[in-house]
Structure formats: C-alpha cells, structure tokens
Amino acid sequence: MARLRRTPPDELDPEARALYDKITSGPRGRFMAGPEGGLTGPFNAMLLSPPVGDPLQELGAAIRYRSTLTGRARELAILVVAGHQDSAFERAAHEPIARELGFTEEQLQALRDGSPLALDDPAESAVLRVARALVAKGDLDEGSTRCWGSGSCSS
C-alpha cells in the first residue's frame, strides 16, 4: 500500500500535471506510472511541490542519464545501494533494466544480498568495489580506488 495516494494525472493541478508529464515522457517514464496512472516511488511525492520536485527529478535524471557510466555500470551501482538499503522500490524499478542489460539472476541475487560477485569487465568491477565501500563505510580508502579510471584492476 502506498503511503501517499497516487493521484491520477487527470486530478493534478496544472503545475503538478506539467511535472508529471515531464517525468513520464522521459527515458524512465515507462517505469514510473502505476496501473491507475499515478506515479510510483518518490516521484509521487514530488508532485506535492513541483517547485521542489522538478529540481529533484532533474538532479536524478542528470546523475542517471548524463554521467559517463555505462548503462550496466549505472545499474550495478543503483542495485548495490538498493541491496544495502533493502529497497524494494529500487529493486523493482532497476532489476528489469539490469536484466535487459545482460545481468543474470545469480548476479542480481549477489547484488541483493551483498555476496561476492565476480565481473569480467574491469570498470564494472571498480564500480562494484567503490559502491560497496561507500555503502558499507561511507568513504573510500586506497584499496577501493586503486584502479578507478585506469581500465584495469588486479583484485
């Protein structure tokens, strides 16, 4: 059950409707509307104050879609955080995307429970190591960053 009522788009005031349209027309739009049309996850709350919600969703879009991370690396980082925080919403939103990008069920399970995960791509291994260090310790040490950006790591 949602904590906030998911307001259908036809019940939104013009400012909230404009934000709704902006969110649902972008690349993440296919995942954001529930069966009755209301937004899921944090996006529903953003409609309560469009002057705050719009910059928040823009920040999220910039981090997600305008960074230099590959799609796989991005989803890997998101799912590390989702697993650490036990976030059902983030898992539900991002595991299908990860599957489309070639992640296996075994890899997704390792991201859910934090178990060891060997990845063939050195950049993805670095993202995994850095993301797990950040969620576990809140900081990075020399071992976490030794091959960040170098394209090769020796674990």
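This structure is a prediction, so every number in the text was calculated from the model and none was measured.

Draft legend 1. Summary view of the layout of surface pockets. In this structure, the largest pocket spans a volume of roughly 550 Å³. Looking at the largest pocket, it is lined by 23 residues, and the ones nearest its centre are Gly-60, Arg-64, Ile-78, Glu-90 and His-94. At the level of elements, α3 (42–46), α4 (50–65), α5 (71–85) and α6 (88–100) are the ones that each hand at least two residues to the lining of the largest pocket. Considering every element that reaches the lining of the largest pocket, the biggest residue donor is α4, with six residues.

Draft legend 2. Seen up close, α4. For α4, spanning 16 residues, the distance from its first C-alpha to its last is 21 Å, which sits close to the expected 22 Å at 1.5 Å a residue. Elements that come into contact with the buried residues of α4 comprise α1 (14–25), α3, α5 and α6.

Draft legend 3. The environment of Pro-96, seen in detail. Along the chain, Pro-96 turns up in helix α6. When the C-alpha atoms of Pro-96 and Phe-31 are compared, they prove to be 9.8 Å apart, with 65 residues separating the residues in sequence.

Draft legend 4. A look at the nonpolar core. By size, the foremost hydrophobic cluster in this structure holds 15 residues, and its most contacted members are Leu-76, Leu-79, Leu-108, Leu-111, Leu-117 and Leu-128. Elements with a contribution of two residues or more to this core: α5, α7 (105–113) and α8 (122–137). At five residues, α5 tops the list of elements feeding residues into this core. Once residues within four sequence positions are removed from consideration, Leu-108 is found in contact with Leu-79, Glu-95, Ala-98, Arg-99 and Phe-103. Formed by ten residues, the second largest nonpolar core is a distinct cluster that contains Leu-12, Ala-16, Tyr-20 and Phe-43.

Draft legend 5. The arrangement of unusual backbone geometry in detail. Of note, Asp-86 is a non-glycine position whose phi angle comes to about 50°, a positive value. Topologically, Asp-86 is positioned in the loop between α5 and α6. Classification of Asp-86 as exposed rests on a relative accessible area of 57%.

Draft legend 6. Structural detail: the confidence of the model for the protein chain. Counting all residues, the mean pLDDT for the protein chain is 86, and 89% of those residues have values of 70 or more. Per-element averaging of pLDDT across the protein chain places helix α9 (residues 142–145) at the bottom with 62 and α7 at the top with 96. A low-confidence stretch, residues 149–155 stays under pLDDT 50, and its non-local contacts, those more than four residues away or across chains, total ten contacts.

Draft legend 7. Spatial organisation of the packing of α1 against α4. Packing of α1 against α4 leaves a shortest axis separation of 10 Å and a crossing angle of 10°. As the angle between them shows, α1 and α4 are arranged roughly parallel. Contacts between α1 and α4 involve Glu-15, Ala-16, Leu-19, Lys-22 and Ile-23 on the former and, on the latter, Pro-50, Pro-51, Gly-53, Asp-54, Gln-57 and Glu-58. In terms of residue class, the contact of α1 with α4 is built from five nonpolar, two polar and four charged.

Rules used in this analysis
Residues numbered from 1 in each chain as written. Predicted model: local features only at pLDDT ≥ 70, side-chain atom pairs only at ≥ 80, totals over all residues. Heavy atoms only, no water. 1 Å grid on protein atoms, 1.4 Å probe; cavity = no way out; pocket = protein on both sides within 12 Å on 5 of 7 lines; lining within 4 Å. Points joined across faces, edges and corners; volume = space filled by probe spheres on them. Helix = DSSP H or I, 4+ residues; strand = E, 2+ residues; numbered from the N terminus. Expected span 1.5 Å × (residues − 1). Contact = heavy atoms within 4.5 Å. Core = buried A, V, L, I, M, F, W, Y, C linked by side-chain atoms within 4.5 Å. Buried < 20%, exposed > 50% of the residue type's maximum accessible area, 1.4 Å probe, protein only. pLDDT = per-residue confidence, 0-100. Axes fitted to C-alpha atoms, helices over the stretch in contact; angles between N-to-C directions. Parallel < 35°, antiparallel > 145°, perpendicular 65-115°, else oblique. Nonpolar A, V, L, I, M, F, W, Y, C, P; charged D, E, K, R; others polar.

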